[in-house]
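Take a look at the letters that make up each chain.
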Amino acid sequence: MARVSLNILSIQSWVAYGHVGNASAIFPLQRLGAEVWGVHTVQFSNHTGYGAWRGQVFGADLIGECVTGIEERGVLPRCDAVLSGYLGSAEIGAAVRDAALKVKAANPKALWCCDPVIGDTGRGVFVRPGIPEFLRDQALPAADIATPNQFELEWLTGQTITSLEQAKAAITALQAKGPRIVLLTSLRTEATGEDEIELLAAEGGGFWRLRTPMLPLSVNGAGDAIAALFLFHRLQSGAVAPTLEAAASSIFGLLSQTLAAGARELQVVAAQAEITAPTRRFRAEAC
């Protein structure tokens, strides 16, 4: 009997309250019809942006044990992709990489989507020492898809981005190190309007740019959600342009509904219709 859904192994943090990490990625993937095998790297009460939280950071051994347990069910050959995001330590990163390589060994067609969480413009690097280097030197060379923001792409490639051509050059440099598909999020260049934000996706020597209005809000978890959406739609469509359009339209809808609600947490449940049928559709242009 043919399978009717995608199977995605998502290894990320988990919060009881709010939506970041797996709590931001799993529900949108499930809403789109994917089976998600969630492995959590932490269990916190809420995300750390609140300044106070409770819970535990899990060890790298737990990740390995959970993935081995899944492997013992004999299902890894049916895993279509691995999704990873924020890493609490380089040791956890190694466990995530090993899990992704184990899946790809069982199913050579499986994709690893690595969101290289390092930092952001204005904040700089905010992860622990050793993690940026691990992502650059060990994780991304083995990944198929990377979803950095502008600050992260600059750090990973050592290149400054102030123009579209510089962004394309930096993406090309990153692709040369491993990931053949790159989604650059939150791009702003000299040509970007003050009230706009851009996304730039690349695969196979082609580039596609998409612009949306820049909404006056900043919420944690949006990057986790768009990485999940981008991975799902790339698995479904097999092409970058429609993938970019679907993911960007959905994340804009979620952010718009979050802004309208005056909420601090991304409204992935209340605005779930935006995941499957975005109110506003944006188009990608080849560039």
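Structure shown above.
Residues numbered from 1 in each chain as written. Predicted model: local features only at pLDDT ≥ 70, side-chain atom pairs only at ≥ 80, totals over all residues. Heavy atoms only, no water.

Novice: Mind showing me how you'd approach the overall build of the protein chain here?
Specialist: Counting its regular elements, the protein chain contains nine helices and twelve strands. Each principal axis of the C-alpha atoms in the protein chain carries an extent, and together these give about 50 × 45 × 40 Å. For the protein chain, the proportion of its 287 residues judged to be buried stands at 53%. For the protein chain, the proportion of contacts with a sequence separation of at least 24, taken over those separated by at least 6, is 67%. Put simply, the protein chain has 23 plus and 27 minus side-chain charges, and the middle of one group is 4 Å from the middle of the other. (Helix = DSSP H or I, 4+ residues; strand = E, 2+ residues; numbered from the N terminus. Buried < 20%, exposed > 50% of the residue type's maximum accessible area, 1.4 Å probe, protein only. Contact = heavy atoms within 4.5 Å. Lys, Arg positive; Asp, Glu negative; His and termini not counted. Charge placed at Lys NZ, Arg CZ, Asp CG, Glu CD.)

Novice: Looking at this model, I keep getting lost on the sheet that holds strand β11 (residues 206-213). Mind explaining?
Specialist: Strands pair in a sheet through their backbones, by hydrogen bonds, and they do so in one of two ways: parallel or antiparallel. Here we have ten strands laid out as an open sheet, ordered β3-β2-β1-β4-β5-β8-β9-β10-β11-β12, and mixed in their pairing. Because the sheet does not close on itself, it has two edges, and the strands there are β3 (55-57) and β12 (285-286). Bridge analysis of strand β10 (residues 196-203) against β11 gives eight bridges, and the strand direction is antiparallel. Bridge pairing in β11 places Glu198 opposite Arg211. Across the sheet, helix α7 (residues 222-237) lies against β1 (7-15), β4 (81-84), β5 (111-114), β8 (145-146), β9 (181-187) and β10, angled at about 165 degrees from β4, the strand it touches most. (Pairing = 2+ DSSP bridges. Axes fitted to C-alpha atoms, helices over the stretch in contact; angles between N-to-C directions.)

Novice: I'm lost on helix α5 (residues 150-157) in this one. Help?
Specialist: What sets the pattern is the α-helix's 3.6 residues per turn: residues three or four places apart point alike. Here α5 lies mainly inside the structure; six of its eight residues are buried. All of the buried residues in α5 are Gln150, Phe151, Glu152, Leu153, Leu156 and Thr157. Buried residues in α5 make contact with β6 (119-120), β7 (124-125), α4 (131-139), α6 (164-177) and β9. Taking the backbone nitrogen of Phe151 as reference, a side-chain oxygen 3.2 Å away marks Asn149 as the first, capping residue of α5. (Polar contact = N/O pair within 3.5 Å; in protein donor to acceptor, adjacent residues only side chain to side chain.)

Novice: Can you walk me through the pairing of strand β2 (residues 35-44) in this structure?
Specialist: In regular strands, side chains alternate between the two faces of the sheet. Pairing geometry for β1 and β2, over eight bridges, is parallel. Opposite Asn7, over in β2, you have Glu35 as the bridge partner. Read as a crossover between parallel neighbours, the route from β1 over helix α1 (residues 22-31) to β2 is right-handed. With three bridges joining them, β2 and β3 adopt antiparallel strand pairing. Each bridged residue has a counterpart across the sheet, and for Phe44 the counterpart in β3 is Gly55. (Right-handed = clockwise from strand over helix to strand, strands pointing away.)

Novice: Looking at this model, I keep getting lost on the nonpolar core. Mind explaining?
Specialist: A general feature of soluble globular proteins is that nonpolar side chains tend to end up buried together. Leu9, Ile11, Ile63, Trp112, Ile171 and Leu200 are the most contacted members of the largest nonpolar core, which has 45 residues in total. Ranked by the residues each element gives to this core, the list is headed by helix α3 (residues 90-106), at six residues. When sequence neighbours within four positions are dropped, the list of residues in contact with Ile63 reads Ile11, Val39, Thr41, Ile92, Ala95 and Val96. With 42 residues, the next largest nonpolar core counts Ala225, Ala227, Leu229 and Leu231 among its residues. (Core = buried A, V, L, I, M, F, W, Y, C linked by side-chain atoms within 4.5 Å.)

Novice: Just checking my understanding: could you explain the pattern of salt bridges for this structure?
Specialist: Pairing between side chains becomes possible if they bear opposite charge and their charged atoms approach one another. If you walk through the whole model with that rule in mind, you get ten salt bridges. Asp98 serves as the salt-bridge partner of Arg97, at 3.2 Å between the closest nitrogen and oxygen. Residue classification places Arg97 among the buried positions, given a relative accessible area of 16%. In this structure, the salt-bridge partner of Glu165 is Lys168, at a minimum N-O distance of 3.7 Å. (Salt bridge = Lys/Arg side-chain N within 4 Å of Asp/Glu carboxyl O.)

Novice: Mind showing me how you'd approach the state of the cysteines here?
Specialist: Here is the idea: a disulfide is a covalent bond, and it sits between the sulfur atoms of two cysteines. All told, the structure shown has zero disulfides when counted by the stated rule. Looking at the unpaired Cys113, the closest cysteine sulfur is the one in Cys114, lying at 7.6 Å. Left without a disulfide partner, Cys287 is nearest to the cysteine sulfur of Cys113, which lies 20 Å away. (Disulfide = S-S within 2.5 Å.)

Novice: I would appreciate a short explanation of the packing of aromatic side chains in the present structure.
Specialist: The description of an aromatic ring pair uses the distance of the two centres, along with the angle that the planes make with each other. All chains considered together, the criterion is met by three aromatic pairs. Ring plane angle 75 degrees and centroid distance 4.9 Å describe the contact between Phe252 and Phe282, whose orientation is recorded as edge-to-face. Of this pair, Phe252 sits in helix α8 (residues 240-261) while Phe282 sits in the loop between α9 (273-276) and β12; the two residues are 30 residues apart in sequence, bridging distant segments of the chain. Each of the two residues, Phe252 as well as Phe282, counts as buried. In this structure, Arg264 packs its charged tip against the face of Tyr50, placed 3.9 Å from the ring centre. (Phe/Tyr/Trp six-rings, centres within 6.5 Å; stacked < 30°, edge-to-face > 60°. Lys NZ or Arg CZ within 6 Å of the ring centre and 35° of its normal.)

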